[in-house]
Amino acid sequence: LAPDVNVKVTDVNGTLVFETFAIGGSATWNLRNIAGQEVQGGVYIILTSSFDGEQTFVGKVAVAR
């Protein structure tokens, strides 16, 4: 990840599941949603964007339970 970017995790329907900021080019997700509940197994979309919008990234991650 680029340093200091906003990181959003959504489900495949586009619902926001988790949001954080990458500090020093790295971010972690504890596999819990915004309410603190464990997420279900499935595919999640990772979206990142710098504050000026110059650097963006879209990826996906699979959670197996």
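Predicted model only: the values in this text are computed from it and were never measured.

S.K.: Where do I start with the overall build of the protein in this structure?
M.R.: For the protein, the count of helices and strands is zero helices and four strands. Relative to the globule expectation of 11 Å for 65 residues, the C-alpha radius of gyration of the protein, 12 Å, shows essentially globular dimensions. Based on the C-alpha atoms only, the size of the protein along its principal axes is roughly 35 × 20 × 20 Å. Looking at the protein residue by residue over its 65 residues, the buried ones come to 25%. The long-range share in the protein, meaning contacts at least 24 apart out of those at least 6 apart in sequence, stands at 32%. When the accessible surface of the protein is summed, it comes to about 4500 Å², and 53% of that surface belongs to carbon and sulfur atoms. Once the 4 positive and 6 negative side-chain charges of the protein are each reduced to a mean point, those two points are 12 Å apart.

S.K.: Please clarify how the environment of Gly24 should be interpreted in this entry.
M.R.: Mapped onto the elements, Gly24 comes out in the loop between β2 (16–21) and β3 (42–49). On the accessibility criterion, Gly24 (67% relative accessible area) is exposed. Sequence-distant contacts of Gly24, that is, excluding residues within four places in its chain, are made with Pro3 and Asp4.

S.K.: What is the right way to read the side chain of Thr48 from this model?
M.R.: With respect to the secondary-structure elements, Thr48 resides in strand β3. Residue Thr48 is classed as buried on the basis of its relative accessible area, which comes to 8%. Once you skip the residues sitting within four places of it in the chain, Thr48 turns out to touch Leu1, Val5, Asn6, Val7, Gln55, Thr56 and Phe57.

The rules behind the values
Residues numbered from 1 in each chain as written. Predicted model: local features only at pLDDT ≥ 70, side-chain atom pairs only at ≥ 80, totals over all residues. Heavy atoms only, no water. Helix = DSSP H or I, 4+ residues; strand = E, 2+ residues; numbered from the N terminus. Rg over C-alpha atoms; globule rule 2.2 N^0.38 Å. Buried < 20%, exposed > 50% of the residue type's maximum accessible area, 1.4 Å probe, protein only. Contact = heavy atoms within 4.5 Å. Areas by Shrake-Rupley, 256 points an atom, 1.4 Å probe, with all protein chains shown as cover. Lys, Arg positive; Asp, Glu negative; His and termini not counted. Charge placed at Lys NZ, Arg CZ, Asp CG, Glu CD.

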